Amino acid sequence: MQKIVSYFIIVMVLMCSCSERYTVEGSSSNILDGTMAYIRNLENPMNTSAIDSCQIIHGKFHMDGNIDSSVCVRLFMGDNNFPMVLEPGNISINISNNTVKLEGTPLNESLYNFLMQRDSLQVLFDELPHKESLMYLDGYSQEEIAKTLNEESARLNTALDKLDTNFIVDNFDNTLGVMWFLRLCYDANDWYGFPTTTPQIDDIYSRAPVSFKQNKLVDEYMRQVNGQ
């Protein structure tokens, strides 16, 4: 009996040593008071069960638990949801006026720094119609307007592609690289109506290490592209 108890203790110690703890501390506007916050797996959309959940009380919410490895997830709160990485450490989230500030752990800070850069480029895209109107009022010809806006749009698209590519390459060794690579793949699938790649996706994939290519979701998508 003593040997069985000792064996059980050893197994429990080994199990605990394989996982680390995460803590999510958040604050939000009081309009969300009483609603539930859920963390759902972003890497496995077929699994709709929540990884963790809690109620928002007086604009505050708290979740904690054990995690074996870092994973991309989505935080759902009422009608809103936000991407994040569930990883070991203390994750701080502040939500106000439809803006999200997330910090405290390396991958989350990397993700939100990247998303802020993407948002800045998107603002420039959104300003193009206004720029077109101003150029028209200033007396530019339709040919001049089209040339200027096409050049600006091409420049922004190039900057966006470079930003996405560098982010994935810099994160080949973690869940962020896989998550954003798959986003590009799914966008291509939605655009063309079937699993396919783009020159950007092919370039990234050709530079990826074996461990990245062997990721279950990456491998599954590329198999579909190749008709396997």
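Residues numbered from 1 in each chain as written. Predicted model: local features only at pLDDT ≥ 70, side-chain atom pairs only at ≥ 80, totals over all residues. Heavy atoms only, no water.

Draft legend 1. Representation of helix α8 (residues 216–225) within the structure. Those residues of α8 that sit buried are Val-218, Tyr-221 and Met-222. Buried residues of α8, viewed axially, fall in a sector of 95°; they line one side. Contacts from the buried residues of α8 go to α5 (175–192), α6 (199–207) and α7 (210–213). Looking at where α8 begins, the residue whose side-chain oxygen comes 3.0 Å from the main-chain nitrogen of Leu-217 is Asn-215. Phi turns positive, to about 70°, at Gly-227, one or two residues after α8. (Buried < 20%, exposed > 50% of the residue type's maximum accessible area, 1.4 Å probe, protein only. Helix = DSSP H or I, 4+ residues; strand = E, 2+ residues; numbered from the N terminus. Arc of directions from axis to C-beta. Contact = heavy atoms within 4.5 Å. Polar contact = N/O pair within 3.5 Å; in protein donor to acceptor, adjacent residues only side chain to side chain.)

Draft legend 2. Quick peek at the pairing of strand β1 (residues 20–27). Taken together, the eight bridges between β1 and strand β4 (residues 60–67) define a ladder with antiparallel strand orientation. Bridge pairing in β4 links Thr-23 to Asp-64. Sheet analysis places β1 next to strand β7 (residues 89–96), joined by six bridges and oriented parallel. Counterpart to Tyr-22 in the pairing with β7 is Gly-89. (Pairing = 2+ DSSP bridges.)

Draft legend 3. Region of interest: the pattern of salt bridges. In the structure shown here, the tally under the stated rule is seven salt bridges. A salt bridge links Asp-164 to Arg-118; the nearest nitrogen and oxygen atoms lie 2.9 Å apart. Residue Asp-164 is located in helix α4 (residues 142–170), and its partner Arg-118 is located in helix α2 (residues 106–126); the two are separated by 46 residues in the primary sequence. The class for Asp-164 is buried, based on a relative accessible area of 2%. (Salt bridge = Lys/Arg side-chain N within 4 Å of Asp/Glu carboxyl O.)

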